[in-house]
Amino acid sequence: MALLEMKQVLMRFGGLVAVDGLSLKVEEGEIVSLIGPNGAGKTTVFNTITGVYEITEGEICFGGERISGLLPREIVKRGVSRTFQNIRLFGKLRVIENALIGAHINMDYSIPDALFRTKKYRTQELTLHKKALEVLASIGLGEYVHEYAENLPYGLQRRLEIARAIMSGAKILLLDEPAAGMNPQESEDLMGFIRSLRDKGYTILLIEHDMNVVMNVSDRIYVVDYGKLIAKGKPEQIKNDPGVIRAYLGDVSEIMGEGA
Amino acid sequence: MKNRKEKNRTENVSVRLGMLFRKKKAAVPAFLLLIVLLCLLPQVTSLYIQRNLIMVGFYMVLGFSLNFVTGYIGEVSLGHAAFYAIGAFSVSLLTTDAGMGYWPAVVLSVLLCGLFGLLLAFATMRVSGTYLAILTLAFFYLVMNIIQNWEGLTHGVVGIYDIPAANIFGFAFTMKNGGYYYCILAYVLFSILITRLLIGSRFGRAMKAVREDPLAATMAGINNQTFRVIAYVLAGMLAGLAGTLYAPFCGYINYLTFTYNMCLMILVIIITGGRGTMKGVIVGSLIIAPLGEVLRGLISLFDSLPAEYLPDPEQWRFVIYGLIMVVMMRLRPQGILGGKSRLDYRMPAGLDKKEGNG
Ligand SMILES: Nc1ncnc2c1ncn2[C@@H]1O[C@H](COP(=O)(O)OP(=O)(O)OP(=O)(O)O)[C@@H](O)[C@H]1O
Ligand SMILES: [Mg+2]
């Protein structure tokens, strides 16, 4: 059974069909990429999975249970967490606070617990502070824990987005263009980090424009254009798929033969 | 260049001061000393000064109350004096007409204010920005109109006379014995304490997350409405608590005791001091609350002039508030002490020091 499965999902905005009958499967422990030209509907796919939009048709399941129709916060609790393409950090809060807010669903002490600083409060806070410091250090934000999120350079803000998503304890992470705005060295590091996440047991669905990252890190790739699936398969297959090349480069028959 | 150095130096001083207060060894005695000094204050000041200090105290509690909604959730409320009024009227009616003891009446009144906080939170659930501000204003006028017109319950325009003094174990508060002063001082400390305890917890973090980015907060699994409701209820209860002391302090209240100007003043306090900070509320109320009296004092210097040339301090106060707001918005929108702290984040006790420094 797939960990995440989209079945014939259709997402309509008025006259525009942003996701058009898309089916997609992510197995546990996989790194799967979702690619496609600008405006293909990739981010919309993430928005449907995470419940930001209610899908028009189809069904989305996580761990065999239907999650389409649930509220976003219920979907996070099931174990699906994401980052945003257009960074959405809590800018006026500190790096560590951002990480801790990511772990919100892992704390359940009550107001009286907080007011009387009970054992439950202290253990939960301590555990999650430790975890936050650990996660931040592992993603290269160790020296910035006290910094305010909006003061971080762009590349580090992207990492903080990932750290916040990890803190939720989710099983699957949906990363929306995590390498955007990173220099080659940074995206190289990012790839290493994404692999290390998989080794730690996370499953990853990745949207990325940086083909170097996509081809190197993915187990499988889905390609969408105008909301429709146009190809799927292993990186080598996708690299040489004429349909994909056409979608990316237009109908240029000369380069079709040359591969990617 | 020199100026810059100067600024750096003062920053360093404030950072060092802040760090000093984080050291338990220094903070505890300093805090205790401050409390002792505050307790001694009414012994050495005139009743006039004490009265003003008490008013500062009331506004401080109101500031802490509004800070939950405007500072942490980030929603501007223009009707916050409504809770103050409900607390005051409720305690007055319970202690006069219903003949209840003071403290049971306080508890009931505070709970009632919490209920109204809940109502307001639900009424404003799907609105934001300007519409929300207007709804909170409508809430204020609604409450005041009910108070004015429901004669059978609130005595209508006549108001409530002879509100019994607040008391503890039969010991009645007066200005002379400092009862009101100590009580409001205790309420201020209480406000500081619960703000600190809650804001440092997951509740405060969630509120701030809702303020910073509601969608990102939802995606982190936060139920935004839950934390809005918590903030509104807390704010209602805290403002109500201030009201339950204000009524016996005045001895007489009517529907004109609580004005829109009061609502504005509470807002000006936290905007001037710095939304979403505790020191901002403290500094804001220290500056704004006595302003009316300072102005009165200034105008009385020109006593020799014929009365018709003298401005009415009550009216002019609000010209000054307006000016302060404009100047703050232009020069320092985050408030005098608002914005980012230069101190490190405070790690919870029990965390290895080295880890905390990352
Ligand atoms: N809330 C919305 N209402 C209307 N149209 C929308 C909405 N969200 C997305 N769209 C449209 O859906 C289409 C797909 O957008 P989407 O953001 O998913 O593309 P994308 O593949 O993520 O593109 P990019 O690579 O530029 O990030 C676009 O035409 C976009 O304008
Ligand atoms: Mg996108």
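Every value quoted in this text rests on a predicted model; they were computed, and no experiment measured them. (Residues numbered from 1 in each chain as written. Chains lettered and ligands numbered in written order. Predicted model: local features only at pLDDT ≥ 70, side-chain atom pairs only at ≥ 80, totals over all residues. Heavy atoms only, no water.)

### Details of the overall build of chain A
- Looking only at helices and strands, chain A features eleven helices and ten strands.
- Taking 2.2 N^0.38 as the reference for a compact globule, 260 residues should give roughly 18 Å; the C-alpha atoms of chain A span a radius of gyration of 19 Å, in line with that estimate.
- In terms of its C-alpha atoms, chain A occupies a principal-axis envelope of roughly 70 × 40 × 35 Å.
- Of all 260 residues assigned to chain A, the portion counted as buried reaches 55%.
- Within chain A, residue pairs in contact and separated by at least 24 positions form 64% of the contacts whose partners lie at least 6 positions apart. (Helix = DSSP H or I, 4+ residues; strand = E, 2+ residues; numbered from the N terminus. Rg over C-alpha atoms; globule rule 2.2 N^0.38 Å. Buried < 20%, exposed > 50% of the residue type's maximum accessible area, 1.4 Å probe, protein only. Contact = heavy atoms within 4.5 Å.)

### A word on the interface of chain B and chain A
- The partner chain A presents 43 residues to the 40 residues of chain B that form the contact.
- In this assembly, chain B packs against chain A so that about 3,700 Å² is buried in total across both faces, 66% of it on carbon and sulfur atoms.
- Counting the surface chain B buries against chain A, the share from its top three residues, B:R205, B:M219 and B:Y345, is 20%.
- Remark: the boundary between chain B and chain A carries four salt bridges.
- Across the pair A:E97 and B:K208 runs a salt bridge, and its minimum N-O distance is 3.0 Å.
- Along the contact surface separating chain B from chain A lie twelve residue pairs in polar contact (both at pLDDT 80 or more).
- For the side of chain B that touches chain A, the secondary structure elements donating two or more residues are α8 (179-199), α9 (202-212), α10 (214-219), α11 (224-250) and α16 (353-356) of chain B.
- Among the elements that take part in the side of chain B that touches chain A, α9(B) stands out by supplying eight residues, more than any other.
- For the side of chain B that touches chain A, the residue count by class is 20 nonpolar, ten polar and ten charged. (Buried area = accessible area lost by both parts, 1.4 Å probe. Salt bridge = Lys/Arg side-chain N within 4 Å of Asp/Glu carboxyl O. Polar contact = N/O pair within 3.5 Å; in protein donor to acceptor, adjacent residues only side chain to side chain. Nonpolar A, V, L, I, M, F, W, Y, C, P; charged D, E, K, R; others polar.)

### A closer look at the environment of A:L71
Residues and elements named next belong to chain A.
- Looking at where L71 falls in the secondary structure, it is placed in the loop between β5 (65-66) and α2 (72-78).
- Owing to a relative accessible area of 41%, L71 belongs among the partly exposed residues under this scheme.
- Along the backbone, L71 and F116 are 45 residues apart, and their C-alpha atoms lie at a distance of 32 Å.

### Topic: the confidence of the model for chain B
Residues and elements named next belong to chain B.
- Confidence along chain B averages 87 in pLDDT terms, with 93% of residues attaining 70 or more.
- Confidence drops under a pLDDT of 50 for residues 1-7, and excluding neighbours within four residues, the segment shows zero contacts in the predicted structure.
- The ipTM, which scores confidence in the relative placement of chains, is 0.90 for this predicted complex, and the corresponding pTM is 0.90. (pLDDT = per-residue confidence, 0-100.)

### A few points about the coordination of the magnesium ion (ligand 2)
All names here are of chain A.
- Binding of the magnesium ion (ligand 2) to the protein goes through T43 (OG1) and Q85 (OE1), at separations of 1.9 to 2.1 Å. Placement of T43 in helix α1 (residues 42-49) and of Q85 in the loop between β6 (80-82) and α3 (95-102) is noted, with a sequence separation of 42 residues between them.
- With relative accessibility at 31%, the residue Q85 sits in the partly exposed group. (Donors = N, O, S within 2.8 Å, 3.2 Å for Na, K, Ca; no water.)

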